[in-house]
Every structure is written in C-alpha cells, then in structure tokens.
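Notes for the structure review
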2 protein chains.
Amino acid sequence: MLSPREPFMRQKPTILDRRIVATSRLFCVEELKLRFSNGVERTYERLASKGTGYGAVMIVAMLDADHAVLVEEYCGGTDAYELSLPKGLIEPGEDVLAAAERELKEEAGFGARQLEHLTELSLSPGYMSQKIQVVLATDLYEERLEGDEPEPMRVDRINLRELSSLAQNPQFTEGRALAALYLARDLLTLRGAFLA
Amino acid sequence: MLSPREPFMRQKPTILDRRIVATSRLFCVEELKLRFSNGVERTYERLASKGTGYGAVMIVAMLDADHAVLVEEYCGGTDAYELSLPKGLIEPGEDVLAAAERELKEEAGFGARQLEHLTELSLSPGYMSQKIQVVLATDLYEERLEGDEPEPMRVDRINLRELSSLAQNPQFTEGRALAALYLARDLLTLRGAFLA
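If you're wondering where the values come from, they're calculated on a predicted model, not measured in any experiment.

1. Focus on the overall build of chain A
The helix and strand tally for chain A stands at 3 helices and 10 strands. The order of α-helices and β-strands along chain A, N terminus first, is β-β-β-β-β-β-β-α-β-β-β-α-α. If one aligns the C-alpha atoms of chain A with their principal axes, the spans along those axes are about 55 × 45 × 35 Å. In chain A, which comprises 196 residues, the share counted as buried stands at 55%.

Here it is as structure tokens:
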C-alpha cells in the first residue's frame, strides 16, 4: 500500500554527535550518532572523498547521431580494465562544462562545440555524499590534451540502441554511467536527434 | 579517433605492494602500489565495505504495467530524505531473489510472485569494489516483514514514462537506481508489457 502524501517534509533525525573515525590520503570516514523523530537512535558511518571538493563530471559525447564515446581504463576498485564514460574531477575555479571538455580531450581526444548540463547524480546517498554532474557533448572535433592518466585509455563507442546489451557486458558495470547514457538517449529522442 | 581493437586483453598493472591504511566499523581503505605495463608507477587507494561480503540487491518492483515502487528514507551520506529503489544487503546463505523479496517486504510492504535477475551494477569501479544485483519484481501482493529500519519508509511510485523528469527531481539522485529503472523499462518494452 502506498503511503499517504505528507503535507510537509519529514523531520530529519537530530545529529547527536559526529566525529572522524578513520582517515587516509584520499578518504575520510565520519561517524554520526542520530536520533530519529520517533526516538530511535542509530550510529551511521559516512564516507567523504578528500579530493572531490569541487565535484566531478561525467560526459556523454556523441560521435554522430547514434554513437557515444566510451573509454577503457584500469580500475583499482575491481583490479580490471573497465569500460565507462569519460569522467574526472572538476578543478578549483573551473566551470562544469569547461571541466567536461577538458576531461573529454584528455581521456578520449575530442573537443566539443556544444556542451550542456543534463543532471546531477549521486553514488550511494545512504553513506556517501559524492555527486557527479552529467554533461552531454555534441559536435565533436579531434583534439587531445595531456592529462594525468598513467597510460592512454582505449577509446571505444556504443550505439544508443544497444544500452540493454551494454548492461550485460561484464566490462561495463558502472550504474551512473548507464543512467547518463539512457538520459542522453531520452533527451536526444525527444529532440528528434535520435530515432529509436 | 577511436582506438584500434586490440587482439588481446590489455596487460593489467602489477600490484607491487598493498596494505590497509585506514579502517572503521564499516569501511576499510586499501593502498595499492601499481606499476603499469608502460613502466609508470602510481599509488591508488580503494575502498571496501566490511558489511557487504555477500553482496547487495536493488529491486524494480512493478505495481502495474506502468508504475514502479520508490521508497523514501533518511540518507546519512547527504543528511537528507531521498527517494530511491528498495535495496539492501544479501544475508549469509541467502539467494539473490530471496534477498530481493525480503527487502521489498521490509521496505515497501510488498511480496512478488515473479522475480528475475536483470544485471549487476558497480558503484565506482575506479576506487570501489561494491556491486549490486538488480532484480525485477512483478505480480506484487501486500505483505510486510519487520526489518531493521529505524523508522518506516514512505512508499511512493514512479511512472516509467517519467524517468527523465525523475532524474531532475532533487530528491531522487542515485545513478544506479535510475539505470535499473531504465533497464527494466527497456526489458518490459521489448516484451510488450510496457508501451512507451
């Protein structure tokens, strides 16, 4: 049974105490002691990345009406080469769209004459605060910038008609990248730029 | 320019050293010293969740041909009530589909007569190993199980025609949940169970 719509936002839990319980070069774990509005108390942990103070960006870059750019890079989390969208951290003072074009040039060797912000996605809001900005890049041209990658990424492409199959490819697993590709497809379909 | 297809998988970096550099009740950060096949050396960090040894599951539960269940819960990572799909950890010895139905009963108050595994999604493979199993649940019936939630979740629904708008709702941000909804819509469309 669906819940009745509530007239106001729910009352958030009170944070009784918060402290840093673990820290490394890149990460920091904060413990939160919470009291929910019904009186129940819980201890949560949440994770912050130290290097993401200015946010991050992920790019759906269209090579033509049907195909988006994918890049393959070594992923430390899974110890495997994985396919995903070009992405990276926004630098201090850098605009979201400028960061998107820089990352696209560094990782895939393309600039874009058209860049637009689609939405913001979170990773796992239950215990992480990280957000990523999704940018659609069209009208591409070849231009490479030197980035901080340890080795060149392999550049590949995906037809937007094949997103269901892409989700079955064990080399492509990143949920937010799949979401970004679907969002771009929806928008391009709505505009008549992509025919499903 | 797209890279030529390589005849073999790329040679993964050699892990020269690995050690735990930070640990908390729920998380553990591991440092990896890597040497890439071109000789470049880098130090990466990756994050492991201690409580996810048996994996996790996320459920797209269809109330009818058009609407999927959403739940609203307090999220420690963002300190906000967020809408997402029902989800949770798989318990030791528990089957993926059984875990999906249990979480659906605990969080949303529905059982399902049909459950099927759609795919596996990762969070952020660059520095996390976490994966989540996506399950489609159909033919629902009302049944509530008591879970470990600190307070009842508000249960809501989304029309699969409105996923682009959902992505613009600041209360719904989780990338992998959006990907799961799109995947379910693609599959149901292919089967003729959903008309776009």
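2. Description of the domain arrangement of chain A
The assigned domain composition of chain A is domain 1 (14–47) and domain 2 (55–191). For domain 1 of chain A versus domain 2 of chain A, the distance between C-alpha centres works out to 32 Å.

3. A few points about the state of the cysteines
Counting across every chain of the model gives 0 disulfides over all chains. Summary of cysteine pairing: Cys28(B) is not part of a disulfide, and the nearest cysteine sulfur, belonging to Cys28(A), is at 15 Å. Here Cys28(B) falls in the buried class, since its relative accessible area comes to 16%. In this model Cys75(B) remains outside any disulfide bridge; the closest cysteine sulfur is found in Cys28(A), 19 Å from its own.

4. Re the relation of the copies chain B and chain A
Superposing the two chain copies requires a rotation about an axis and a translation along that axis. Mapping chain B onto chain A calls for a rotation angle of 180° and an axial translation of 0.0 Å; the resulting RMSD is 0.0 Å. Between the two chains, the operation in question is that of a two-fold axis. It is Ala179(B) whose C-alpha, among those of chain B, lies nearest the rotation axis, at 2.1 Å. In this assembly the copies share their binding face: 100% of the residues contributing to the interface of chain B also contribute to that of chain A.

5. Focus on the pattern of salt bridges
Summed over the entire model, instances satisfying the criterion amount to 46 salt bridges over all chains. In this structure, Arg19(A) engages Glu31(A) in a salt bridge whose closest nitrogen and oxygen atoms are separated by 3.4 Å. Residue Arg19(A) is located in strand S1 (residues 14–23), and its partner Glu31(A) is located in strand S2 (residues 27–35); the two are separated by 12 residues in the primary sequence. Of the residues examined, Arg19(A) reaches a relative accessible area of 44% and is grouped as partly exposed. Here Glu31(A) falls in the buried class, since its relative accessible area comes to 10%. Ionic pairing is found between Glu116(B) and Arg191(B), a salt bridge with its closest N-O pair at 2.7 Å. Taken together, the residues span a long stretch of sequence, with Glu116(B) in strand S8 (residues 110–122) and Arg191(B) in the segment after helix H3 (175–190) at a distance of 75 residues. For Glu116(B), a relative accessible area of 25% gives the class partly exposed.

6. A few points about H3(B)
All names here are of chain B. Between the first and last C-alpha of H3 there are 23 Å, a value that for 16 residues agrees with the 22 Å anticipated at 1.5 Å per step. Counting buried residues along H3, 13 of its 16 residues qualify, which places the element largely inside the surrounding structure. Following H3 by one or two positions, Gly-192 adopts a phi angle in the positive range, close to 80°.

7. Focus on the packing of aromatic side chains
Summed over the entire model, instances satisfying the criterion amount to 11 aromatic pairs over all chains. The interplanar angle of 55° and the centroid separation of 6.1 Å between the aromatic rings of Phe36(A) and Tyr44(A) together place this pair among those described as tilted. Looking at Phe36(A), the relative accessible area reads 2%, which means it is buried. Judged by its relative accessible area of 19%, Tyr44(A) is buried. Taken together, a centroid distance of 6.3 Å and an interplanar angle of 40° make the contact between Tyr44(A) and Tyr74(B) tilted. On the criterion of chain membership, the pair formed by Tyr44(A) in strand S3 (residues 41–49) and Tyr74(B) in strand S5 (residues 67–75) is interchain, its members lying in two chains. Each of the two residues, Tyr44(A) as well as Tyr74(B), counts as buried.

Here is what the cut-offs are and how they apply
- Residues numbered from 1 in each chain as written.
- Chains lettered and ligands numbered in written order.
- Predicted model: local features only at pLDDT ≥ 70, side-chain atom pairs only at ≥ 80, totals over all residues.
- Heavy atoms only, no water.
- Helix = DSSP H or I, 4+ residues; strand = E, 2+ residues; numbered from the N terminus.
- Buried < 20%, exposed > 50% of the residue type's maximum accessible area, 1.4 Å probe, protein only.
- Domains from an automatic or database assignment.
- Disulfide = S-S within 2.5 Å.
- Least-squares fit on C-alpha atoms with pLDDT ≥ 70 in both.
- Contact = heavy atoms within 4.5 Å.
- Salt bridge = Lys/Arg side-chain N within 4 Å of Asp/Glu carboxyl O.
- Expected span 1.5 Å × (residues − 1).
- Phe/Tyr/Trp six-rings, centres within 6.5 Å; stacked < 30°, edge-to-face > 60°.

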